[in-house]
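Structural description and commentary
What follows is the residue order along each chain.
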Amino acid sequence: MILCADTSFLLSFYGADVNTSAAIQHMSQRGVPLLAHVINGLEFENAVRLRQFRGKLTTIEGQLIITGYQGDIRAGRVVASQPDLGLVFQTAAHLSELHTPFLGNRAYDILQVAAAIVSKADEFLSFDERQRNLASAAGLLVAP
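Below you will find a few notes about this structure. (Residues numbered from 1 in each chain as written. Predicted model: local features only at pLDDT ≥ 70, side-chain atom pairs only at ≥ 80, totals over all residues. Heavy atoms only, no water.)

**Comments concerning unusual backbone geometry**
So the rule is basically this: Helical segments are the DSSP runs of H or I of at least four residues, strand segments are the runs of E of at least two, and each set is numbered from the N terminus.
Residues Ala-143 and Pro-144 are joined by a peptide bond in cis, for which omega reads -15°. Topologically, Pro-144 is positioned in the segment after strand E5 (142-143).

Right, dumping it as structure tokens:
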């Protein structure tokens, strides 16, 4: 089983918010590593740093979240993936054309869904309603 997640899921899984328990429970039920691509890593780590900038996380809290994510990559609980970025962008352009006029998706959201498609994900994990709608419209099984 291949699980791909967006930034909202990763922030909940590694941080502490209203969706943290659902994220942890879902991953423990699956018992398989999470597939993360370069687009995930960049946006996730940047989102953590942005929360620091906005005063929602301390520097230490942000470092602990990023260190936990990177530690999971080293331990194999998160598998770093390098999908064909040309194919990811081609897929994203197609998704944008088909769905953005109706769903209002941002480019990074579209890239995450496209990377999941290119990676042949069995599940796309997200707490972001707009991104969940896009992933579902693109034919992905959305959870939790």
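On we go from here.
**What to know about the packing of aromatic side chains**
This is how the line gets drawn: Geometry of aromatic contacts follows a simple scheme: Phe, Tyr and Trp rings, the Trp one being its six-membered ring, pair when their centres are within 6.5 Å, and the pair is stacked under 30 degrees between planes, edge-to-face over 60, tilted otherwise. For each residue, the accessible area found with a 1.4 Å probe, counting protein chains only, is set against the maximum for its type, and the residue is called buried under 20%, exposed over 50%, and partly exposed in between.
Within this structure, the stated rule accounts for six aromatic pairs. Ring geometry for Phe-13 against Tyr-14: centres 5.0 Å apart, planes inclined by 85°, an arrangement best described as edge-to-face. With 5.6 Å between their ring centres and 90° between their planes, Tyr-14 and Tyr-69 make a pair best called edge-to-face. Here Tyr-14, found in helix H1 (residues 7-14), pairs with Tyr-69, found in helix H4 (residues 59-75); they are 55 residues apart in sequence, far enough to count as distant. Taken individually, Tyr-14 and Tyr-69 each receive the classification buried, so the pair is uniform in this respect. Through pairs of rings, three or more aromatic residues link up here, namely Phe-9, Phe-13, Tyr-14, Phe-44, Tyr-69 and Phe-127.

**Describing the pattern of salt bridges**
Basically, it comes down to this: In what follows, salt bridge is the name for a side-chain nitrogen of Lys or Arg lying within 4 Å of a carboxyl oxygen of Asp or Glu.
Using the criterion set out here, one finds four salt bridges in the structure. Ionic pairing is found between Arg-49 and Glu-45, a salt bridge with its closest N-O pair at 3.4 Å. Taken together, the positions of Arg-49 and Glu-45, both in helix H3 (residues 38-53) and four residues apart, correspond to about one turn of that helix. With a shortest N-O distance of 3.1 Å, Asp-109 and Arg-106 are connected by a salt bridge. Owing to a relative accessible area of 3%, Asp-109 belongs among the buried residues under this scheme.

**Looking at the nonpolar core**
Our working definition: We define the nonpolar core as a collection of buried residues of types Ala, Val, Leu, Ile, Met, Phe, Trp, Tyr and Cys that are connected through side-chain atoms lying within 4.5 Å of one another.
Formed by 20 residues in total, the largest nonpolar core has its most connected members in Leu-10, Tyr-14, Leu-34, Phe-44, Val-48, Tyr-69 and Leu-125. Counting residues per element, the ones that place at least two in this core are strand E1 (3-5), H1, helix H2 (20-30), strand E2 (34-37), H3 and H4. When residues in this core are grouped by element, the largest group, four residues, is from H1.

**What about the sheet that holds strand E3 (residues 78-81)?**
Formally: For two strands to pair, DSSP has to find at least two bridges joining them.
Strand order in the open sheet formed by five strands is E3-E2-E1-E4-E5, with parallel pairing between adjacent strands. The open sheet has two free edges, formed respectively by E3 and E5, since each of these has just one partner strand.

**Remarks on a nonpolar patch on the surface**
This is how the line gets drawn: Within this analysis, patches are made of residues with over 30% relative accessible area and no salt bridge. Like charges are joined at 9 Å or less; nonpolar side chains (Val, Leu, Ile, Met, Phe, Trp, Tyr) at 5 Å or less. Surface accessibility follows the Shrake-Rupley procedure with a 1.4 Å probe radius. Residue values consider only the protein chains on display as shielding.
A cluster of nonpolar residues, Val-38, Leu-85 and Phe-89, forms a patch on the protein surface that exposes about 260 Å² of accessible area. For Val-38, the position within the fold is in helix H3.

**Section: the side chain of Asn-105**
The condition that has to hold: Throughout this description, a polar contact denotes any pair of N or O atoms lying within 3.5 Å of each other; where both atoms belong to protein, one of them has to be capable of donating a hydrogen while the other can accept it, and for residues adjacent in sequence the pair is counted only when both atoms sit in side chains. In this description, contact between two residues means that some pair of their heavy atoms is separated by no more than 4.5 Å.
With respect to the helices and strands, Asn-105 occurs in the loop between helix H5 (85-103) and helix H6 (107-118). Within the structure, Asn-105 has its side chain in polar contact with the backbone oxygen of Arg-130 (distance 3.1 Å). For Asn-105, the residues in contact, after removing those within four places along its chain, are His-99, Thr-100, Ile-110, Arg-130, Gln-131 and Leu-134.

**With respect to the packing of H1 against H3**
For clarity, the threshold we go by: Axis definition: a line fitted to C-alpha atoms, limited for helices to the stretch in contact. Angles are taken between N-to-C directions and run from 0 to 180 degrees. Roughly parallel here means an angle under 35 degrees, roughly antiparallel means over 145, roughly perpendicular means 65 to 115, and every remaining angle is called oblique. By convention the crossing between two helices is left-handed if the near helix lies anticlockwise of the far one by an angle smaller than a right angle, and right-handed if it lies clockwise. Gly falls in the polar group here, along with every residue not listed as nonpolar (Ala, Val, Leu, Ile, Met, Phe, Trp, Tyr, Cys, Pro) or charged (Asp, Glu, Lys, Arg).
H3 packs onto H1 with a crossing angle of 60° between their chain directions and a minimal axis gap of 10 Å. With respect to their mutual orientation, H1 and H3 come out oblique. In the packing of H1 onto H3, the handedness of the crossing is right-handed. Together, Thr-7, Leu-10, Leu-11 and Tyr-14 of H1 and Asn-40, Glu-43, Phe-44, Ala-47, Val-48 and Arg-51 of H3 make up the contact between the two elements. Here the residues of the contact of H1 with H3 sort into six nonpolar, two polar and two charged.

Keep in mind these values describe shape, not function.
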